[in-house]
Amino acid sequence: MQSRLSIVKNLLVFVALFSFSFLSAQEKPKEATWIWYPGDFEVWLSNKMQVRRTEREAVFPPLWQYYSPYALVTFQTEVDIPNPDEVKIYSEGPFQLLLDGVQVYGQPKSIKIPAGKHKISFKVYNQEVLPAIYIDGQYVKSDASWKVTNEDKLWIDEAGKAQQSGTPWMPVGSWNFNSPENKPSGFKLSTKPLSAKKIEKIGAGELVDFGKETFGYIKIHGLKGKGKVALYYGESREEALDSAKCETLDHLSFDGNQPETYTHNASKAFRYVQVQADASVKYDSISMLYEYLPLDYRGAFKSSDQQLNQIWDVAAYTMHLTSREFFIDGIKRDRWVWSGDAYQSYLMNYYLFFDSASVERTLLALRGKDPVTAHVNIIMDYSLYWFVGVYDYYLHTGDTKFIKTFYPRMKSLMEFCLKRRNTNGFLEPLEGDWVFIDWANGLPKTGEVSFEQMLLARSLEAMAVSAEIAGEKEDQKQYQNLASDLKTKLFDVFWDKKENVMKHQRIDGKVQDIVTRYANMFGIFFNYFNEEQKQSIKNKVLLNKNILQITTPYMRFYELEALCAMGEQNYVLKEMKDYWGGMLNEGATSFWEEYNPNKKGAAHLEMYGRPYGKSLCHAWGSSPIYLLGKYYLGVKPTAPGYSEYEIKPNLGGLQWMEGKVPTPNGEVALYCSTKEIKVKAAEGEGKLIINSQTKPKTNSGTITELAKNKYQLIVEPNVEYKVSYKAI
């Protein structure tokens, strides 16, 4: 009897363990989330955000076309459920519900669905925000498996049955709105209270200093009385004190019935705020609500150079300030989503936050919808950056869903760009086209510009990759051929075989005797030049101070990247310390839109003909994050999603450095000195490339020699490697 009981007990234990193992092996239960037509939330949110820019209380809207979410969309799913399911319904907008083609009357808050196979359709209308639904049952939940259309080709036949054919279905859009109360239309950034660091009396008022560049909402504490309060904001002390010319301000009126703690409803960028109140208005103190997008700092950098460490920290803070609903250019102005600025933010993001959702949101906000009637941001080069941004997103994340979903919008934008070519097959500005390139005095932008053709070639290569992912083989061949033909023509026309440099411009069939840095430096990290050409460009263009100089961090980004790609990390380190260190020496707490070391004092604040027109917190000022991660720590993906990657540390004159580079599901952690390298990675297969006077030694793996003084170690996931070597 005891033996039989033991057998039964053992069987019960086995069954329990087996059941636990089986359940553990299953996917996690699906979670409901708000869903919408893909891209519509991003369009709606960007419309709302980009009209918040003001100049002296006047609204300053964007320069380009606004798109709108589809007002009427249909969501659909097919299910096979084992038991009846009580399904709760939440909707942003009135809806029509069809269950198996039969209309369910009214606007039910829930519905009981019998066991078995069913087709469920919701047609939702919302003109004010965007149509969205949240469906939550035990089995039936709104999630990424649903599909959606803005063109529901459904009709009711003479028998009263629903018929449908030819409907263009799309995968739904969603983003972390995972409860009924957390509606897409209610999205807000996070806030936290911050106190002033210093108060200074200014006449009858005061100057409030928050210690560094910041963004958010002013709070007035202990507010009493009836009258007016004026707030004059400044990224600099000079701007806040200049009530006649400061870029942003608010005049507030109180009737005496306001709460004692008043929070202003309009967000601003500032470090300083001058407060002037009527004598009839009293208050105790001024504070603020700092507004931000919650992001994890997954990347890190520290080195033997303290100034460089400070540069990285301030660059990271600048990047975070400008990473908001989308990657924007600056927090004072323009508070807009510019494609050229955003492209650099994507790259810096991959080395700091690796927040894929922000990249997707920004790409979708920039692209808008069809039909395409103008370049992205009305700028020729900004349309082209958009394509390259999609490719880089794929390279870093490995995500193919984005490309598969939005390939039709990629194709229609490329068709627009190709139609803007002239009879020579080159892009040349037509009416309505803004050729930007850079803010630089004396930079020619008319005719056929080599830089624009190079960006177009890269964009066509990105389209070829995207077409292959989307399963469009004929498109893939077409784009690859167009890219190859364009690169051939680019070199035939603009490459000076005598000087071994790329000329800048052709006008009316005549190549101008002008050399600039732009196409030359892009061609280096696009790898369009051979080694001889690269060396010639480095010496004759990039290191030649007689070539038109770059003064914006925007193009300094690419100039220094090209030099790093050529192994000039020692030179670039000095440039970073001089340029970004120069801003720190001027008191910068975030990095600026433009910096000219020849300017002095308040002249640093001027731009666009206005005394405080310059943005002192601009995303493109954060490029040290990218340069230090990719070219000093030396980490970059060589296959999509870091399935394969390279680690090629270069101290550039530092004694030591350490840091982390985020990957889709982990990080690459690195320490490097002149004698030792430590590496640990979470995923993929890495190749650690080491330049050493002697053959390195490792605690794990095998060192192989690639060339004289050049060695390689294969890095496997979750193994800590310690390598001793002798730096060259």
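Keep in mind the model is a prediction, meaning the values are calculated, not measured.

Examined bridge by bridge, strand β15 (residues 198-202) and strand β16 (residues 205-221) share five bridges and lie antiparallel to one another. By the bridge assignment, Glu 200 is partnered in β16 with Leu 207. The loop that links β15 with its antiparallel partner β16 comprises two residues; one of these, Gly 203, has a positive phi angle of about 60°.

Counting across every chain of the model gives zero disulfides. Note on Cys 564: no disulfide assigned, nearest cysteine sulfur contributed by Cys 672 at a separation of 15 Å.

The calculated volume of the second largest pocket comes to roughly 570 Å³. Lining the second largest pocket are 23 residues, with Gly 173, Ser 174, Trp 175, Glu 360 and Lys 401 sitting closest to its centre. At the level of secondary structure, the elements contributing two or more residues to the lining of the second largest pocket comprise α6 (356-367) and α8 (401-419). A class-by-class count of the residues in the lining of the second largest pocket yields nine nonpolar, seven polar and seven charged.

It is worth spelling out the environment of Gly 389 at this point. As for its placement among the helices and strands, Gly 389 is situated in helix α7 (residues 380-397). In sequence terms Gly 389 and Gly 299 are 90 residues apart; their C-alpha atoms lie 20 Å from each other. The residues touching Gly 389, leaving out its near neighbours within four places in the chain, are Tyr 343, Tyr 346 and Leu 363.

Attention shifts here to the sheet that holds strand β4 (residues 85-92). Read from one edge of the open sheet, three strands run β7-β4-β9, paired in antiparallel fashion. In this open sheet, the two strands that pair with only one neighbour each are β7 (110-113) and β9 (132-136). Each neighbouring strand pair of the sheet contributes to a mean axis angle of 25°, computed without reference to strand direction. Of the pairings in the sheet, the one linking β4 to β7 comprises four bridges and is antiparallel in character. Following the sheet pairing, Glu 86 is matched in β7 by Lys 112.

Conventions and cut-offs
Residues numbered from 1 in each chain as written. Predicted model: local features only at pLDDT ≥ 70, side-chain atom pairs only at ≥ 80, totals over all residues. Heavy atoms only, no water. Pairing = 2+ DSSP bridges. Helix = DSSP H or I, 4+ residues; strand = E, 2+ residues; numbered from the N terminus. Disulfide = S-S within 2.5 Å. 1 Å grid on protein atoms, 1.4 Å probe; cavity = no way out; pocket = protein on both sides within 12 Å on 5 of 7 lines; lining within 4 Å. Points joined across faces, edges and corners; volume = space filled by probe spheres on them. Nonpolar A, V, L, I, M, F, W, Y, C, P; charged D, E, K, R; others polar. Contact = heavy atoms within 4.5 Å. Axes fitted to C-alpha atoms, helices over the stretch in contact; angles between N-to-C directions.

Just distances and angles here, no functional claims.
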